[in-house]
Amino acid sequence: TTTKTRAKTPLSEIVEAFEELAKSLNSRRIRNSDKGAGGELRLDAFSKTCSLVSVLFSCLGLAFRFAESEYVAKVHDLVEASKEYNTLHTILDLDVANGTVRTSGSHSRNLRRVRQGLDLIRALFEQFLSTNDYSLREAATTAYSQVCAPYHTWAVRTAVYAGMYTLPTRDQLLLNLNETEHSAEKNMRRYMNATLPVIEYIDKLYISRNIRLDW
Ligand code: 1PZ
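This report concerns the structure included in the present document. Quantities reported herein were computed from a predicted structural model and do not represent experimental measurements.

## Brief notes about the overall build of the protein chain
And then number 1: Check the secondary structure of the protein chain and you find ten helices and zero strands.
And then number 2: Taken over the C-alpha trace, the protein chain has a radius of gyration of 18 Å; the compact-globule value for 215 residues is 17 Å, and the two agree within 12%.
And then number 3: Reported as C-alpha extents along the three principal axes, the dimensions of the protein chain are approximately 55 × 50 × 25 Å.
And then number 4: Partitioning the intrachain contacts of the protein chain with sequence separation of at least 6 by distance along the chain shows that 72% fall at a separation of at least 24.

Here you go:
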């Protein structure tokens, strides 16, 4: 066989899971296209994949423990919901019917938050790869300002910007991730490619139900 043994790293495990998810999205989209259903994503597969991301938090240091508990709580809600509901669009339809899409703690609101977390990492990797001179703090600040800050309260934004000063250096992050500059670049690109269709798919779920994305 052509099986090549590559050392698995936390990042490569995450990447592989998201590539699987993106693949399932594509194949379902093709299969359902004649029905006009536009594809679907299973909530159990999605929420399990999102839960893998939490290993990255330990690489960022103690100050981001509060971000971890926030993210983990939201993913956990979706994992629990997946025992009752099969697909992402099911939970949206339910919250639309109940008028609870943006209600604190609703599945649709938590899905939106988890999506923002995935996008934040994608934006961070994009910044991280854009230049070697960029510190992790600068990359993370730019990514956070683009993706999450507009939707967070002043108190949360202030805490996050203060926490940025405790981030490890770029080289230390690579050590924590057990990646080299080269392997990190490859895995970060793969993450960006695999998550983008998933993120866009989630956005379409809201937009197609006339829900704005300014929250
Ligand atoms: C990619 C890593 C960059 C490093 C630095 C960026 C850290 C960002 C930290 C964000 C902290 C968010 C704290 C609390 C936010 C809550 O106000 C919101 C709203 O919750 P709701 O009102 O709906 O109950 N919660 C969230 O947005 C969910 C948590 C998102 C955190 C995602 C972080 C993902 C980064 C992973 C990095 C390994």
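## Quick notes on the site of the ligand
And then number 1: As a structural note, the neighbourhood of the ligand is formed by 20 residues, with Glu70, Lys74, Arg109, Arg113 and His152 the closest of them.
And then number 2: The contact in question runs from an oxygen atom of the ligand to an N or O atom on the side chain of Lys74, over 2.8 Å.
And then number 3: Within the contact set of the ligand, an oxygen atom lies 3.1 Å away from a side-chain nitrogen or oxygen of His152.
And then number 4: Here the ligand has 840 Å² of accessible area as a free molecule, and 91% of this is covered by the chains.
And then number 5: Listing elements by their share of the shell around the ligand, those giving two or more residues are α3 (57-60), α4 (65-81), α6 (107-130) and α8 (154-163).
And then number 6: Ranked by the residues each element gives to the shell around the ligand, the list is headed by α6, at six residues.
And then number 7: Looking at the shell around the ligand residue by residue, the class counts come to 14 nonpolar, two polar and four charged.

## Overview of the environment of Ala184
And then number 1: Here Ala184 shows up in helix α10 (residues 181-207).
And then number 2: Take Ala184: its relative accessible area is 1%, and that puts it in the buried class.
And then number 3: C-alpha of Ala184 to C-alpha of Ser12: the two residues are 172 residues apart in sequence and 9.0 Å apart in space.
And then number 4: When near neighbours in sequence (up to four residues on either side) are disregarded, Ala184 contacts Leu174 and Glu179.

## Section: the nonpolar core
Grouped burial of nonpolar side chains is what soluble globular proteins tend to show.
And then number 1: Among the nonpolar cores identified, the biggest contains 61 residues, and Phe18, Phe46, Leu88, Leu118 and Tyr206 are the most heavily contacted of them.
And then number 2: Among the elements that make up this core, the one with the highest residue count is α10 (eleven residues).
And then number 3: Discounting chain neighbours no more than four positions away, the residues touching Phe46 are Leu21, Leu41, Leu78, Leu88, Leu111, Val114, Leu118, Val198 and Ile202.

## Here's the deal with the state of the cysteines
And then number 1: Under the defined criterion, the tally for this structure stands at zero disulfides.
And then number 2: For Cys59, which is in no disulfide, the shortest distance to another cysteine sulfur is to Cys50 and amounts to 18 Å.
And then number 3: Looking at Cys148, it has no disulfide partner, and the nearest cysteine sulfur is the one in Cys50, 14 Å off.

## Description of unusual backbone geometry
A negative phi holds for most residues other than glycine; trans holds for most peptide bonds.
And then number 1: With phi around 60°, Asn178 is a residue other than glycine that occupies positive phi space.
And then number 2: Note that Asn178 resides in the loop between α9 (170-177) and α10.
And then number 3: Under the relative-accessibility criterion, Asn178 is labelled exposed at 56%.
And then number 4: Phi angles above zero are rare outside glycine, and Asn210 is one such case at about 60°.
And then number 5: Residue position: Asn210 is located in the segment after α10.

The rules behind the values
- Residues numbered from 1 in each chain as written.
- Predicted model: local features only at pLDDT ≥ 70, side-chain atom pairs only at ≥ 80, totals over all residues.
- Heavy atoms only, no water.
- Helix = DSSP H or I, 4+ residues; strand = E, 2+ residues; numbered from the N terminus.
- Rg over C-alpha atoms; globule rule 2.2 N^0.38 Å.
- Contact = heavy atoms within 4.5 Å.
- Near = heavy atom within 4 Å.
- Polar contact = N/O pair within 3.5 Å; in protein donor to acceptor, adjacent residues only side chain to side chain.
- Areas by Shrake-Rupley, 256 points an atom, 1.4 Å probe, with all protein chains shown as cover.
- Nonpolar A, V, L, I, M, F, W, Y, C, P; charged D, E, K, R; others polar.
- Buried < 20%, exposed > 50% of the residue type's maximum accessible area, 1.4 Å probe, protein only.
- Core = buried A, V, L, I, M, F, W, Y, C linked by side-chain atoms within 4.5 Å.
- Disulfide = S-S within 2.5 Å.

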